[in-house]
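Tertiary structure, described
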Amino acid sequence: MRCMGSTLRGVLAHPLCPSKAWLARYFAMVMIGILFIGTAILVIGGNGWFQIVSAVVVAQLVGIFLNKATSLPPLLGMLIVGFCVRQLGYIEYFSARHEALIYIARSWALVVLMLRTGFHLDSDGARRPSPMMVGLAIVPGVVEFGCVAALAVCVLDMPVPFALLSGIIMAAACPSILMPCFSMMGAGRSVKAVLVAVACLNDMLVIVAFGIVMAIIFSFAGDSLPYVLLHRIMGVGCGLLLGVVFGVFIRYVPDRFDPHVMTIRSLMMGSVGLFSMLGFAKIGFFGGGPAACIVTAYVASRGWRPQGWGPDYRGNPVATVFDVLWRIMQPVMFCLMGADLEIDKTSYTMEKLLWSVGVLLFVWLVRIVVSLAVTAYGDLSIKERLYVTLAWVPKAGVQAALCPLALDQARYRGDTGDILRHSRDVMLFVLLAVVITAPLSAALLSRRGLVNVLLPARRISTVSGVSRQGLQQAPQAQQAQQAQQAQQA
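Treat the numbers as computed from the prediction; the structure is a model and nothing was measured. (Residues numbered from 1 in each chain as written. Predicted model: local features only at pLDDT ≥ 70, side-chain atom pairs only at ≥ 80, totals over all residues. Heavy atoms only, no water.)

Here we look at the overall build of the protein chain
Within the protein chain one finds 19 helices and zero strands. For the protein chain, long-range pairs separated by at least 24 residues make up 79% of all intrachain contacts whose partners lie at least 6 apart in sequence. As displayed, the protein chain has an accessible area near 22,400 Å², and 68% of this comes from carbon and sulfur atoms. (Helix = DSSP H or I, 4+ residues; strand = E, 2+ residues; numbered from the N terminus. Contact = heavy atoms within 4.5 Å. Areas by Shrake-Rupley, 256 points an atom, 1.4 Å probe, with all protein chains shown as cover.)

Below, the structure is given as structure tokens:
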């Protein structure tokens, strides 16, 4: 027994092996996911569930090991596992029963992501965003949207609606990738809060535009374009209004002195989000559900502040609950995204695949240049601008949540022709973007990356309006105050 104990301690002390508490937490989250899927198996029935569960678990483990061994984002390993198991024929789940549950699982993952976006918007950094940060939220995304849409039509021969859909999905920033990058560069809490809040604003605008384009693609025959646009904008407005109503309601129900207030608020927030997402999708308002989720979380979180809860994840236990839920849903979403890809059913050839990689690299460089130009109007050093710019370009969570929706909608409508094929083309294009941009940006921002090798290490000083001069004078003022106290003593 002593030998086994010493061996176990030696294994846990290995650099690639996480701590015991970390292992226990992730083991608990994996068990929760398995139990939820097991419940679905008991209720829905059907074959092939064991393959899906095992693929998701393996995707989580591979993602963790890849991150520990190479510092690359875990999502890369999850995507690779999902893609490999589908191409090898291990997963065959596209029956009517499986599609229904997978659609609900994806909708729930999008709900969790949008609620986290709303909680991020209620942060100290979002109160006074500088003009540079507002420009960073809008200008690079608009330029990338235009470049992707134009090149997808001219180079990749995509139809215009699907080219617009690809451009909108690619324009989104990803807060889940930003946070590790900011931690590596030593950014303070105010810096991370501002940048993540502005990234969430960018995501909210992207999701609204995504809903409008989806409505155009899947509109019924005979509907005019002005009618479709007006109808879907009204859907987004209804989602915003519903989010305000639910947010105000959850502010005061349950009572803040209830001993189970955190549990009830979390359940209410999740149920409201899932109901809004599925309900608006049922009536064709694709942008209404995400808008309702974001506004509900934001309005409720703002109302909880006077009750003694803090902003964002500092002092807000409901936000912490959905952060844990996102870690559970992340392997499900990325693994299923990789498993959805069937290359033989797309219009991609090897030549078109290479052209897509070239388009993505070109657009990646364009977004870097535009982001650098926008950050020139702030009080940032060259290295700080490079950090913020490179952290702004990876693709991950929002892309994985949005791009399968077109494919799911095509399957739900029973489309078997060009719409289904073009939806698969969009998914392959976005998956390539995730695989290329996330590891490339993470490698450049790592401790041994190009940015840290070429430029000397410095700590981020300001993004939210705190000047460098004030930060430099703060230690001097503190030393003078201590000398004055010593003289008085």
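Observations regarding helix H11 (residues 261–282)
Taking 1.5 Å per residue as the helical rise, H11 with its 22 residues ought to reach 32 Å, and the 31 Å between its terminal C-alpha atoms agrees with that figure. Residues of H11 that are buried include every one of Val261, Arg265, Ser266, Met268, Met269, Gly270, Val272, Gly273, Ser276, Met277 and Phe280, and no others. Positive phi shows up at Gly284, right after H11, with a value of about 90°. (Expected span 1.5 Å × (residues − 1). Buried < 20%, exposed > 50% of the residue type's maximum accessible area, 1.4 Å probe, protein only.)

Describing the packing of aromatic side chains
If you walk through the whole model with that rule in mind, you get two aromatic pairs. Measuring from centroid to centroid gives 6.3 Å for Phe119 and Phe322, while their planes differ by 35°, and the two rings are tilted. On the criterion of sequence distance, the pair formed by Phe119 in helix H5 (residues 96–121) and Phe322 in helix H13 (residues 317–340) is long-range, its members being 203 residues apart. Per residue, the accessibility class of Phe119 equals that of Phe322, and both read buried. Aromatic side chains Trp304 and Trp309 sit 5.2 Å apart centroid to centroid with 65° between the ring planes, which places their arrangement in the edge-to-face category. Accessibility classification places Trp304 together with Trp309 in one group, the buried group. Taking the ring centre of Trp309 as reference, the NZ or CZ of Arg265 above it sits at 4.6 Å. (Phe/Tyr/Trp six-rings, centres within 6.5 Å; stacked < 30°, edge-to-face > 60°. Lys NZ or Arg CZ within 6 Å of the ring centre and 35° of its normal.)

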